[in-house]
Amino acid sequence: MAVCIAVIAKENYPLYIRSVPTQNELKFHYTVHTSLDVVEEKISAVGKAMADQRELYLGLLYPTEDYKVYGYVTNSKVKFVIVVDSSNTSLRDNEIRSMFRKLHNSFTDVMCNPFYNPGDPIQSKAFDGIVSGMMVQPS
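Residues numbered from 1 in each chain as written. Predicted model: local features only at pLDDT ≥ 70, side-chain atom pairs only at ≥ 80, totals over all residues. Heavy atoms only, no water.

A. Main features of the pattern of salt bridges. Counted according to the given criterion, the structure contains five salt bridges. Taking the shortest distance from any N to any O, the salt bridge between Lys79 and Glu40 comes out at 3.7 Å. With Lys79 in strand β5 (residues 79–85) and Glu40 in helix α1 (residues 25–49), this pair connects stretches of sequence that are 39 residues apart. (Salt bridge = Lys/Arg side-chain N within 4 Å of Asp/Glu carboxyl O. Helix = DSSP H or I, 4+ residues; strand = E, 2+ residues; numbered from the N terminus.)

Structural data, given as structure tokens:
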């Protein structure tokens with residue numbers, strides 16, 4: 001399961017960041033923002049190759065000693081970043097894809113809310129509940 005989940009706007013500012021444990025929150029903010037460079041590289045590489053335009057999943061962005069960082073970009077250039085613990089070897093690529101799919105569907109529900117202004121931080125309880133279900137439960 002994830003230790004940090006972030007939604008980054010098209011203009012690269014955070015719409016939503018949640019991490020477990022909370023004492024490492026600043027470290028996860030840094031990890032998410034450093035991953036944006038890799039996301040931009042992968043987007044531009046896909047744009048040049050003119051590969052399948054519907055492929056939104058970017059895969060493993062980069063591994064660190066403690067974590068693996070995965071990325072996903074929507075058609076509207078909103079970026080999702082999921083950080084998982086490196087010690088979790090049972091997590092497969094298709095499970096990460098399904099986490100991103102669930103996150104994207106929940107994000108779409110937030111965008112469809114007539115009371116949400118696009119670009120504002122996400123404060124939806126339903127979205128928060130979906131994210132909580134994907135997070136590692138603190139022991």
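Moving on, there is more to tell.
B. A look at the nonpolar core. Counting residues in hydrophobic clusters, the biggest one holds 28 residues, and the most contacted among them are Val7, Ile122 and Phe127. Examining the composition of this core, we find that six residues originate from one element, helix α2 (residues 93–112), more than from any other. Setting aside residues up to four positions removed in sequence, Val7 forms contacts with Tyr13, Pro14, Leu15, Tyr16, Val78, Lys79, Phe80, Phe107, Ile122 and Phe127. (Core = buried A, V, L, I, M, F, W, Y, C linked by side-chain atoms within 4.5 Å. Buried < 20%, exposed > 50% of the residue type's maximum accessible area, 1.4 Å probe, protein only. Contact = heavy atoms within 4.5 Å.)

C. View of the side chain of Ser35. Position of Ser35 among the secondary structure elements: in helix α1. Judged by its relative accessible area of 0%, Ser35 is buried. Not counting the four nearest positions on each side in its chain, Ser35 is found in contact with Leu61, Tyr62, Val69 and Val81.

D. Structural context of the environment of Tyr70. If you trace the backbone, Tyr70 turns up in strand β4 (residues 67–73). Overall, Tyr70 belongs to the buried group, its relative accessible area being 9%. In this structure, the C-alpha to C-alpha distance between Tyr70 and Val84, residues 14 residues apart in sequence, is 8.1 Å. Non-local contacts of Tyr70, meaning those with residues more than four positions away in its chain, are made with Tyr57, Gly59, Leu60, Leu61, Phe80, Val81, Ile82, Val84, Asp93, Ile96 and Phe100.

E. View of helix α3 (residues 125–134). Of the positions making up α3, those classed as buried are Phe127, Val131 and Met134. Along the axis of α3, the buried residues cluster in a sector spanning 55°; they form a single face. Facing away from the buried side of α3 by over 90 degrees, the exposed positions are Lys125 and Ala126. On its buried face, α3 is in contact with β1 (2–8), β2 (14–19) and α2. Of the residues that open α3, the one with a side-chain oxygen 3.3 Å from the backbone nitrogen of Ala126 is Ser124. (Arc of directions from axis to C-beta. Polar contact = N/O pair within 3.5 Å; in protein donor to acceptor, adjacent residues only side chain to side chain.)

F. Broad picture of the packing of aromatic side chains. Evaluation of the coordinates by the stated rule reveals six aromatic pairs. Centroid distance Tyr72 to Phe100: 5.2 Å. Interplanar angle 10°. Geometry classified as stacked. Residue Tyr72 is located in strand β4, and its partner Phe100 is located in helix α2; the two are separated by 28 residues in the primary sequence. You can call Tyr72 buried: its relative accessible area is 10%. The class for Phe100 is buried, based on a relative accessible area of 0%. One aromatic cluster in this structure is built from Tyr57, Tyr72, Phe80, Phe100 and Phe107. (Phe/Tyr/Trp six-rings, centres within 6.5 Å; stacked < 30°, edge-to-face > 60°.)

G. Molecular detail of α2. Compared with an ideal rise of 1.5 Å per residue, which puts 20 residues at 28 Å, α2 spans 29 Å between its outermost C-alpha atoms and is within 8% of the ideal. Contact partners of the buried residues in α2: β1, β2, β3 (57–63), β4, β5 and α3. (Expected span 1.5 Å × (residues − 1).)

H. Expanded view of the environment of Asp37. Here Asp37 is to be found in helix α1. Counting along the chain gives 24 residues from Asp37 to Leu61, while the straight-line C-alpha distance between them is 9.6 Å.

Read these as layout, nothing more, since geometry by itself doesn't imply function.
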